[in-house]
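An overview of the molecular structure
For reference, the chains in residue letters:
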Amino acid sequence: MARIAPRNSVLMVVANTFAADIRVRREARSLAGHGFEVNVLCWDRQGQRPKTESIDQCLVRNLRFGKTTPLASSRVYYLVTDIVFQAIFFLWIVNQIRRVRKLVIHSHDFNTLPACVAVRVLFKDRVRLVYDCHELTPGVYQEWYGSSVSRIVTRLERIALSVADAIIAANDAILRYLRRNSPVRAAAIYSCPVITEVPKIQSVDAKKKLGLSGFFVVLFSGWVRQDYDFDMMWDTARYLVRNNVLDVKFVFIGPTETMKPLIKAAADERLQDLFDFRGWVSNEELLTYYVASDLCFAVTRDLGPNTRVLTPVKLFESMACRVPVAVRDETLASKIVRRWHCGVVINARQSTFSMELRRLKDNPEELHALRVAGSNAFRVEYNWDRMEEKLLQLYAKL
């Protein structure tokens, strides 16, 4: 694709660690790679990044407010800190405007949006605002803070949408919701791997490289969050032990600090032989873990409307690496899996997925068919090469 001359510089704001947020990094890298000057201000949640760094041709400024935790008791801390974060980046953006004639502010999620809207209103002729919504905002705030806060946030988001110049949504369900409240240009951009990122290694070789030969590998990657049904995974592990099925390995890749409750639970129930907690790895090595896996666990809990429309990156990483994915019924992810025949859909009322696991383990033909179907979905639809084209087309019209 030809390089696009930028109409404006781009300031991205994200209330998360930019270096660890693969979706935000892909968008920023695509823009920088096509001639845009991209500056990023982020909230370094782990407090481990330098104050300023260059990542993917982008200048990144990391703000620290102390190391946060995933505990429910930290919710007030998140709320207060986000208000402080927005005040800081409001002043930062105003300062940045002094050195450029035109500017695009790329706001990731509602927790960065109010300050960005204020800048858009103050500098209407010099600023354009792109709102990038990763999750269903009313559902997120209902799950975290209850219905009253959710209703307030919903009204505020609707007002903010009237100011935005373009909208990006993490999937089509979120896009449909946002379009009800705004007529501006919009696109659904899924967080998918780049075609060239997929490792050129066979599953058997990947298993050998990672020390997983001889096991049916069930992979979970990412943060251990309340969204995912780990009770179902534990019930399945108990079933396997009772039935002496010991050649299955549940492999976890992600931040070790979020895994600690699961590590303790596995040890307390003497299930540790079935679990392998490996911590963070590079993106390249992560995709090798996918190739080595036989099933990816992406079964969510039904916490509300947001969890029903989640399309996590692990869904598309599985497709890219020819790994079937397990998802819960009555979700957007289940519709995608059924459409492309690339995984297993777990009944919403089940407490385990032991039958599905054993069926795939004992049926290599079915497993192979699911692998091929997922790879086809990745090549045809869910790859970053296609998503990048949507992003650039939207930016070209700002």
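Residues numbered from 1 in each chain as written. Predicted model: local features only at pLDDT ≥ 70, side-chain atom pairs only at ≥ 80, totals over all residues. Heavy atoms only, no water.

1. Some points on unusual backbone geometry
Our working rule: Counting from the N terminus, the helices are DSSP H or I runs at least four residues long and the strands are E runs at least two residues long. Only protein chains enter the accessibility calculation, which uses a 1.4 Å probe. A residue is then buried if its area is under 20% of the maximum for its type, exposed if over 50%, and partly exposed in between.
Look at arginine 270: it is not a glycine, yet its phi comes out positive at around 55°. Examined against the element boundaries, arginine 270 turns out to sit in the loop between helix 9 (256-268) and strand 11 (275-277). Here arginine 270 falls in the exposed class, since its relative accessible area comes to 75%.

2. What about the confidence of the model for the protein?
For the record, the criterion: The score called pLDDT rates the predictor's confidence residue by residue, from a low of 0 to a high of 100. Any pair of residues with heavy atoms lying within 4.5 Å of one another is described as a contacting pair.
Mean pLDDT for the protein: 92, with 96% of residues reaching 70 or above. Segment residues 1-6 is flagged for pLDDT under 50; beyond a separation of four residues in sequence, or across chains, it makes 13 contacts in the model.

3. Details of the sheet that holds strand 8 (residues 185-188)
Keep this limit in mind: Any two strands between which DSSP finds at least two bridges are classified as paired. Convention adopted: a line fitted to C-alpha atoms gives each axis, helices being fitted over their contacting stretch, and angles between N-to-C directions are expressed from 0 to 180 degrees.
Strand order in the open sheet made by the 8 strands is 3-4-2-1-5-6-7-8, with mixed pairing throughout. Where the open sheet ends on each side, the last strands, each with one partner, are strand 3 (52-55) and strand 8. Within the sheet, the average angular offset between the axes of one strand and its neighbour, ignoring direction, is 20°. As judged from the 4 bridges shared by strand 3 and strand 4 (residues 58-63), these two strands associate in the antiparallel manner. What sits directly across from glutamate 53, in strand 4, is valine 60. Of the strands in this sheet, strand 1 (9-14), strand 2 (38-43), strand 4, strand 5 (103-108) and strand 6 (127-133) touch helix 2 (residues 75-97), which is tilted by about 155° from strand 2.

4. Side note on the nonpolar core
Filter applied, for reference: Residues belong to a common nonpolar core when they are buried Ala, Val, Leu, Ile, Met, Phe, Trp, Tyr or Cys residues joined through side-chain atoms within 4.5 Å.
If you look at the biggest cluster of nonpolar residues, it comprises 109 residues, and the most contacted ones within it are Ile93 and Tyr395. Beyond its immediate chain neighbours, meaning those up to four positions away, isoleucine 93 contacts Leu11, Val13, Leu103, Ile105, Cys116 and Val119.

5. Structural notes on the pairing of strand 9 (residues 216-221)
We apply this condition: Note on handedness: a crossover is taken as right-handed if, strands pointing away from the viewer, the path from the first strand over the helix to the second is clockwise.
For strand 9, the buried fraction is high: 6 of the 6 residues fall into the buried class. The alternating pattern of strand 9 places Phe216, Val218 and Phe220 on one face and Val217, Leu219 and Ser221 on the opposite face, and all of these are buried. Two elements, strand 9 and strand 10 (residues 248-253), share 6 bridges in a ladder whose sense is parallel. Note on strand 10: the bridge partner recorded for serine 221 is isoleucine 253. Between strand 9 and its parallel partner strand 10, the chain crosses via helix 8 (residues 230-242), and the hand of that crossover is right-handed. Of the strand pairs in this sheet, strand 9 and strand 12 (residues 295-297) are connected by 2 bridges, and their pairing is parallel. Bridge pairing links leucine 219 to cysteine 296 in strand 12.

6. A look at the pairing of strand 14 (residues 343-346)
The pairing of strand 13 (residues 325-328) with strand 14 spans 4 bridges and is parallel. Among the inter-strand pairings, valine 325 is bridged to a residue of strand 14, identified as glycine 343. Tracing the backbone out of strand 13, into helix 13 (residues 332-340) and back to the parallel element strand 14 gives a crossover that is right-handed.

7. Observations regarding the packing of aromatic side chains
Given two aromatic rings, their pairing is described by the distance between the two centres and the angle made by the two planes. Put simply, the rule is: Centres within 6.5 Å are what make two rings of Phe, Tyr or Trp a pair, Trp counting through its six-membered ring; a difference in plane orientation under 30 degrees is then read as stacked, over 60 as edge-to-face, and the rest as tilted.
Throughout the structure, instances matching the rule amount to 22 aromatic pairs. For the pair phenylalanine 220 and phenylalanine 252, a centre-to-centre distance of 5.6 Å together with 40° between the ring planes defines the contact as tilted. Of this pair, phenylalanine 220 sits in strand 9 while phenylalanine 252 sits in strand 10, and the two are 32 residues apart along the sequence. We note that phenylalanine 220, like phenylalanine 252, is buried. Here a set of aromatic residues connected by ring pairs shows up, and it is made of Phe220, Tyr228, Phe230, Trp234, Phe250, Phe252, Phe275, Phe277, Phe297 and Phe353.

8. Considerations on the packing of helix 2 against helix 4 (residues 137-145)
Two measures define how a pair of helices packs: the angle their axes make with one another and the distance between the axes. Selection rule: The scheme is simple: roughly parallel for angles under 35 degrees, roughly antiparallel for over 145, roughly perpendicular for 65 to 115, oblique for anything else. For this classification, the nonpolar set comprises Ala, Val, Leu, Ile, Met, Phe, Trp, Tyr, Cys and Pro, the charged set comprises Asp, Glu, Lys and Arg, and every other residue, Gly included, is treated as polar.
Between helix 2 and helix 4, the least distance of the axes is 11 Å, while the angle of their chain directions is 130°. For the element pair helix 2 / helix 4, the angle class is oblique. Residues Arg75, Tyr78 and Leu79 of helix 2 pack against Glu143, Trp144 and Tyr145 of helix 4. Of the residues belonging to the contact of helix 2 with helix 4, the class tally is 4 nonpolar, no polar and 2 charged.

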